[in-house]
Amino acid sequence: MALYPSFSFTPYGRSSLPSIVLTTLVLLLVTLLSFPSYAHKVMSGELAKHLKAINYGSKSDDKWVQPSLHEQQQFEAGFAAFISQNYPLAQELVAPIGYDVAQFFDTNTQTTYYLLQERATLPSADFRGGGTYIYNPNGLNAILQAPHPKRDSFTGTQAIDAFLFTETKLLMLAGTRRDSSHALSSCTNGHYEASDVAHQTDSYFNVVHKYMSDFDDNSVFIQYHGFGKTTLAKLQNQCMTNNDLMLNLSESVNYNTTENEQSILHSLRRAVEEDGKIAACVYGNDTKSLGGTWNVQARYTNGSANICSTSSTASSKRFIHLEQSYNVRKFHRDDMQKYLKKALENHFL
C-alpha cells in the first residue's frame, strides 16, 4: 500500500509536459514585463551640437533647485555605477530623480560617449538644473568643468569643444546660469547665488566632483572661468602686461610656485607661452587677485578642512582654476584647446 497517493499535474484531465513548459514560459514573461525597464537610451549624431543646444535659462529665473541630501546620495550611487560602466544599474538608480543614461555615438569623432543627463528640459516645470555629465571611457585622466557655462561667456562652448578635442575622460556642465537663483549660497560667506555650483556644496555638480576627486588620485581638473574689462585692467597691472589676451592660472591656493615644476598648471602655462599670443599669468607668482580660493571644488581636491567656509592651505597639484579674458574666450578657444592638449599629453604620456 502506498503511504501517499500519487500526484500528477493533468490539465484538462491528462498529463502534458509541453503544456507545463508553455505555461511556465508565459508566467515568466508576465513577471518580467511587470518590472520597470531600465535600459539606457541609444543616440547618435553630433555630440557637440547636442550639448550646445542645452537651455540654461535666464538670469534670476529661479530654475535651479537645490537637491536634498537623499537626492544627492541617490545621484552619487547612480554616478558610481555610471563611471564603473554599469549603465543599466546607473539608469535604475538615477531614474527616480529625473535623470537618464544615454549611449551617444558621435558621428564627427567616431567615438562612443555616455551621458548622464536630466530628463526634463526648460521650459518644463519638472526641470531642476542638475547639470549634464559626459564620459569617455578611453579618455585621458582629466576632467573638464564648466560651472558657469553661460554667465562666463563662451566657457560652456569652450569646455565642450576642448573635451572632444583633447579626448579627456569627463566633461561636467552645470545645469543653469550661475545667477539663476535669488537666494544666496550658505557657503563662502553668502557672496554668491545658490545656483553658482562653484560656490555651492549641495549640488549634483559638487557630488560628481568629489566622487571623481576620490576615485583616482592621479586625475586632474580644469575648471573654466572668465573675467571682464575691470578685472582685466587690475590683472594687467599686477602681471605687468598690456596684452588683452590674458589668463590667470591658479591652483586656488595663495602661494608662490616654482615655474620649472612638473605640474599641470605650469605645463599649461609653458604651452601658452611657447606660442606667444596670450599672456599666461600665475596667481601667487604674478597676480594677487581672482585666484579661486573660494571655489568649493578646488577646496575639496586641495584638502580643505571645511570646503564651505575654509580656504585650502596647500595644493594637491591637481586642480586649475582657469580665468580668461573675454577676447581669449571669444576668439582663441581653438588655441586654448591646443595648448591644453599639449599640456595634458606632456603630463600623462
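Residues numbered from 1 in each chain as written. Predicted model: local features only at pLDDT ≥ 70, side-chain atom pairs only at ≥ 80, totals over all residues. Heavy atoms only, no water.

J.: Honestly, the confidence of the model for the protein chain in this entry has me stumped. Any pointers?
T.: Keep in mind that low pLDDT regions are not for reading the predicted coordinates in detail. Taken residue by residue, the protein chain gives an average pLDDT of 91. The fraction at 70 or more is 89%. Between residues 1-17, whose pLDDT stays under 50, and residues either more than four places distant or in other chains, the model counts 6 contacts. Segment residues 26-37 is flagged for pLDDT under 50; beyond a separation of four residues in sequence, or across chains, it makes 0 contacts in the model. (pLDDT = per-residue confidence, 0-100. Contact = heavy atoms within 4.5 Å.)

J.: What am I meant to see in helix H7 (residues 229-239) here?
T.: Along an α-helix, a turn takes 3.6 residues, which lines up residues three or four apart on a common side. Buried residues of H7: Leu-232, Leu-235, Gln-236, Gln-238 and Cys-239, and no others. All buried residues of H7 lie within an arc of 165° about the axis, which places them on one face of the element. H7 presents Thr-230 and Asn-237 as exposed residues on the side facing more than 90 degrees away from its buried surface. Buried residues in H7 make contact with strand S7 (220-227), strand S8 (246-250), strand S9 (279-282) and strand S10 (319-325). At the exit of H7 stands Met-240, carrying a positive phi of roughly 55°. (Buried < 20%, exposed > 50% of the residue type's maximum accessible area, 1.4 Å probe, protein only. Helix = DSSP H or I, 4+ residues; strand = E, 2+ residues; numbered from the N terminus. Arc of directions from axis to C-beta.)

J.: Can you help me understand the nonpolar core in this one?
T.: Nonpolar side chains in soluble globular proteins generally cluster together in the buried interior. Judged by nonpolar contacts, the single largest core of 42 residues is most densely connected at Ile-134, Leu-171 and Leu-247. In this structure, Leu-171 is in contact with Leu-51, Thr-132, Tyr-133, Ile-134, Leu-144, Ala-159, Ile-160 and Phe-163, ignoring residues within four places of it in sequence. Grouped together as the second largest cluster of nonpolar side chains are 32 residues, Phe-75, Ala-90, Val-94 and Ile-143 included. (Core = buried A, V, L, I, M, F, W, Y, C linked by side-chain atoms within 4.5 Å.)

J.: What's the story with the state of the cysteines in this structure? I'm lost.
T.: Two cysteines form a disulfide when their sulfur atoms are joined by a covalent bond. As enumerated under the stated definition, the model contains 2 disulfides in all. Paired by a disulfide, Cys-187 and Cys-308 hold their sulfur atoms 2.0 Å apart. The S-S bond linking Cys-187 to Cys-308 shows a torsion near -105°; that makes this disulfide left-handed. On the criterion of sequence distance, the pair formed by Cys-187 in the loop between strand S6 (168-173) and helix H6 (204-215) and Cys-308 in the loop between helix H9 (296-301) and S10 is long-range, its members being 121 residues apart. For the residue pair Cys-187 and Cys-308, the accessibility class agrees, reading buried in each case. At a sulfur-sulfur separation of 1.9 Å, the disulfide partner of Cys-239 is Cys-281. The disulfide joining Cys-239 to Cys-281 has a torsion of about -95° about its S-S bond and is therefore left-handed. Taken as a pair, Cys-239 in helix H7 and Cys-281 in strand S9 lie far apart in primary sequence, 42 residues in all. In this structure, Cys-239 and Cys-281 share a single accessibility class: buried. Going through the protein chain in sequence order and numbering each bonded cysteine, the pairs you get are 1-4, 2-3. (Disulfide = S-S within 2.5 Å.)

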